[in-house]
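A structural walkthrough
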Amino acid sequence: MDSQTAVRNQTAPDASTAGKLKPNSLGVLGILFFVLSAQAPLTGVAGAAPIAVAIGNGAAAPAAYLAAGLIILLFSVGFVAMGRHVVDAGAFYRYIGKGLGKDLGNGSAGIALFAYCAVQAAMYGLYGATLSGLLAHYAGADVPWWACALVTMAIVQVLGALGIEMGAKVLAVFVLAEFSILGAFAVVTLVKGGGPEGLGLADTFSPGAALDGAPGVALMFAVASMIGFEATAIYGEEAREPRRTVPRATYLAVVLVTGFFAFASWMVISSYGASKATAAAGQALESGDSTVFVFGPIAAQFGGWANDVLPILLATSLFAGILAFHNSANRYLFSLSREGLLPRRLSAVNRRHSPGTAGFVQTAIAVLLVIPFALAGKDPVVTLFSWGSGIAVLAIMLLYFLTSASVVAFFRRERLDTRPWNTLIAPVLGALGIAGAIWLIVENFTTLIGGDRTTAVWLQMAVPAVLVLGVLAGRLTRSARA
């Protein structure tokens, strides 16, 4: 054996374990649980709704969820059409590369990784603070938020390595728990005819109410609450009959999340009364704990025990989201490695056909993102959670826009699907809606991250910078392989 062959054998993964995720592992429900976990319904409603009501369009904030859902649904039409012809764990970057060229595809891969790692780190910040508070309250233990986050990283790493089926089962329990308490509250409130002012249907969903105040701010937070549904395509290789399963899971996720967010937030507002909801949301923000805007009515409806259960469910909601984004990010690393854009070792899978090596790397990235905030003594909610969430929302919306443009370009060139609605009209309408959402995000980015203008500018600039770096990295890789 010559030296070059020896080097190749040392650096390449074993052929029997490289490049293949476990097929036929997930059905529609399995994929749906991963998507719903990434969107963290309890976190989304309790975290975003108070801000959308207080500084957005008041009692009409639920209408913003419907508008955001319509934009996402239009995007999904082209996204699903593309997914019927491209099945890959890399999803975004493969779609964009097929339609707009490899350079933008490689750049979008960098943005996707950046976004998923940023939002996971953000969730670690809020989760660490939440769990630290729970331990102090129930056990009298003074555990730093970062210690909670690091221990959880180890647990997430283990669950990710145990296989996609195990992850789906764990997430199913957590997702059903948070959906159950929010859903039960909303249904009971509806059956009782709403709060002191009734259901307030016109106050929430009429066009005049929806356009009152600052509807753009409400729409921005609604869109931010709904990112993550695109993960349906990431699990295409592991899905049963992906050309059927992925489209069904995608549409079901968008419709379910849109309807649930709009319904739950409407019932919360109704419980206060449309005329009093804005003031109540403002008071919750001023108190430093915006979740009381949502948790208060639930406790009033079901009793004091809800005040003990809801913070725990918030922690499990965040844990579920962390695990979901861990799986999304490590599959991106896996796919990029398989394409030769990252070291080949990252395309190795373990005995359970999970991207084990990529999972370790993703966990290491999470540690590197969280530790600086801990060493600097920063507030994990005000800085890590807010900054990471803002970056992720902007980055993923840019990916949505590029994907819509790619769908149009791809089907105009390849003619594999000639349906005008699916390959042209819906993607164009979706792209216009997404472009509007991006403009709103950029205009209100300081509000989104809860920081100052200088910090907002630096964080915004990071997204195009990663795109450029991804393009350059892809070109260098191709040159080295030529």
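Quick caveat, the model's predicted, so the values are computed rather than measured. (Residues numbered from 1 in each chain as written. Predicted model: local features only at pLDDT ≥ 70, side-chain atom pairs only at ≥ 80, totals over all residues. Heavy atoms only, no water.)

Averaged over all residues, the pLDDT of the protein is 85; the fraction at 70 or higher stands at 93%. Counted against residues more than four places away or in other chains, residues 1–18, with its pLDDT under 50, gives 14 contacts. (pLDDT = per-residue confidence, 0-100. Contact = heavy atoms within 4.5 Å.)

Let us look at the pattern of salt bridges. What the rule picks out here adds up to 3 salt bridges. As a salt-bridge pair, Glu 414 and Arg 413 come within 3.5 Å of each other at their nearest N and O atoms. Its relative accessible area of 38% is what places Glu 414 among the partly exposed residues. (Salt bridge = Lys/Arg side-chain N within 4 Å of Asp/Glu carboxyl O. Buried < 20%, exposed > 50% of the residue type's maximum accessible area, 1.4 Å probe, protein only.)

Here we come to the environment of Phe 33. Within the secondary structure, Phe 33 is located in helix α2 (residues 28–39). Between the C-alpha atom of Phe 33 and that of Arg 351, which follows or precedes it by 318 residues, the distance is 23 Å. (Helix = DSSP H or I, 4+ residues; strand = E, 2+ residues; numbered from the N terminus.)

Next up on the list: the packing of helix α3 (residues 41–57) against helix α11 (residues 215–226). Closest axis-to-axis distance for the α3/α11 pair is 8 Å, and the angle between their directions is 170°. By the angle between their axes, α3 is roughly antiparallel relative to α11. Where α3 approaches α11, its residues Gly 44, Ala 48, Ile 51, Ala 52, Ile 55, Gly 56 and Asn 57 are matched on the opposing element by Pro 215, Val 217, Ala 218, Phe 221 and Ser 225. Of the residues in the contact of α3 with α11, the class split is 8 nonpolar, 4 polar and no charged. (Axes fitted to C-alpha atoms, helices over the stretch in contact; angles between N-to-C directions. Parallel < 35°, antiparallel > 145°, perpendicular 65-115°, else oblique. Nonpolar A, V, L, I, M, F, W, Y, C, P; charged D, E, K, R; others polar.)

Right, let's get into helix α5 (residues 92–100). Those residues of α5 not exposed but buried are Phe 92, Tyr 93, Tyr 95, Ile 96, Gly 97 and Gly 99. Against α4 (61–83), α6 (102–139), α12 (231–234), α16 (305–338) and α18 (380–414) lie the buried residues of α5. Of the residues flanking the end of α5, it is Gly 101, one or two places downstream, whose phi is positive at about 105°.

So, on to the packing of aromatic side chains. Inspection of every chain in the model, using the stated rule, returns 16 aromatic pairs. Summarising the aromatic geometry, the rings of Tyr 93 and Tyr 332 are spaced 6.3 Å apart at their centres and angled 50° between planes, so their arrangement reads as tilted. Within this pair, whereas Tyr 93 is found in helix α5, its partner Tyr 332 is found in helix α16, the two being separated by 239 residues in sequence. Seen in terms of ring centroids, Tyr 127 and Phe 319 are 6.4 Å apart; in terms of plane orientation they differ by 45°. Their pairing is tilted. Note that Tyr 127 is positioned in helix α6 and Phe 319 in helix α16, a separation of 192 residues in sequence. You'll find Tyr 127 and Phe 319 in the same group, each marked buried. Following the ring pairs from residue to residue traces out a cluster consisting of Phe 75, Phe 79, Tyr 95 and Tyr 400. (Phe/Tyr/Trp six-rings, centres within 6.5 Å; stacked < 30°, edge-to-face > 60°.)

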